[in-house]
Each structure stands twice: as C-alpha cells, then as structure tokens.
Amino acid sequence: SSGINAEYGEVTIAPVKKKMTCKIGKKKCNPRCTVTKTAGTVSAKSVKICKLLDNGKLNGCKTAKKTKGRFGKSLGKVTDKTTGNYVCVHTEDGVETVGPPTHVTAN
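Because the structure is a prediction, the values reported are computed rather than measured.

1. Some words on the sheet that holds strand β6 (residues 65-67)
No. 1: Across the sheet, four strands lie side by side as β1-β3-β7-β6; this open sheet has antiparallel pairing. Two strands in the sheet have a free side with no partner beyond their single neighbour: β1 (11-15) and β6. On average, each strand axis in the sheet is tilted by 35° relative to the strand beside it, whichever way the strands run.
No. 2: As judged from the two bridges shared by strand β3 (residues 32-37) and strand β7 (residues 70-72), these two strands associate in the antiparallel manner. Bridge pairing in β7 places arginine 32 opposite glycine 72.

Here you go:
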C-alpha cells in the first residue's frame, strides 16, 4: 500500500495555465484548474479559488464554478490589486489540498 487513504482517493490539482495576463477594467479574468480524484467525483462545491499571499496564507476564497470539466472563478473587475498568484483549493471532510498557482498579471 502506498499510504493513500482509498476511501477518499488522492486529489490532483493542475492549473490550466501557469501564467495569464488580464486587462485592468475588464471582467474577463478567470484562473482555472482541473481537479481529479482517484476515487469518486469532484463536486464543484468542494473547490474554491483563492489568492495565495506572500506569507502563504489564502485570501478572498470563492467557490469555483465547474465548466467543461474545469474549475474556475472570475476575479471580478480587474484592478492593479488583482495581480498575484491564485490557487485552486479542494476541501473534503476537513482535508484541504492546495494546487500549484496560476500567476495573474493585471495591466
């Protein structure tokens, strides 16, 4: 056995893009990721998109929307404060899995 709890399965999160640029003043800024589990299906309610702060804390988390097998969330109207790293976070039964970041640049 590889130490994976078979009851929950292993969660894998991958950003759709590692880097993206969003235009200030526009609303089309939507970091997305794929989330898969070795057992069961991933519920959209269990995935959120958060800004990853420099201190490692998560900020402004919003429940993701699932579209065509990808999870994402519009960041709203883009401002210079939008720039930063965003991660997908999967939570199930109190266990959080944080995916690799997508770096968003607002300009």
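2. What about the nonpolar core?
Nonpolar side chains in soluble globular proteins tend to be buried together.
No. 1: Among the nonpolar cores identified, the biggest contains 18 residues, and Val35, Val47, Phe71 and Val104 are the most heavily contacted of them.
No. 2: Those elements that provide at least two residues to this core are β1, β2 (19-22), β3, β4 (47-52), β8 (84-92) and β10 (102-106).
No. 3: The residues touching valine 35, leaving out its near neighbours within four places in the chain, are Val11, Thr12, Ile13, Val42, Val47, Phe71 and His90.

3. Considering the pattern of salt bridges
For side chains of opposite charge, pairing can occur when their charged atoms come near one another.
No. 1: All chains considered together, the criterion is met by two salt bridges.
No. 2: In this structure, the salt-bridge partner of glutamate 92 is lysine 37, at a minimum N-O distance of 2.9 Å. Pair noted here: glutamate 92 is in strand β8 and lysine 37 is in strand β3, with a separation of 55 residues, a long-range link.
No. 3: Assessed through its relative accessible area of 26%, glutamate 92 is described here as partly exposed.
No. 4: Of the charged contacts in the structure, one is a salt bridge between glutamate 96 and lysine 48, with a shortest N-O distance of 3.5 Å. Residue glutamate 96 is found in strand β9 (residues 95-98), and its partner lysine 48 is found in strand β4; the two are separated by 48 residues along the sequence.

Definitions and limits used
Residues numbered from 1 in each chain as written. Predicted model: local features only at pLDDT ≥ 70, side-chain atom pairs only at ≥ 80, totals over all residues. Heavy atoms only, no water. Pairing = 2+ DSSP bridges. Helix = DSSP H or I, 4+ residues; strand = E, 2+ residues; numbered from the N terminus. Axes fitted to C-alpha atoms, helices over the stretch in contact; angles between N-to-C directions. Core = buried A, V, L, I, M, F, W, Y, C linked by side-chain atoms within 4.5 Å. Buried < 20%, exposed > 50% of the residue type's maximum accessible area, 1.4 Å probe, protein only. Contact = heavy atoms within 4.5 Å. Salt bridge = Lys/Arg side-chain N within 4 Å of Asp/Glu carboxyl O.

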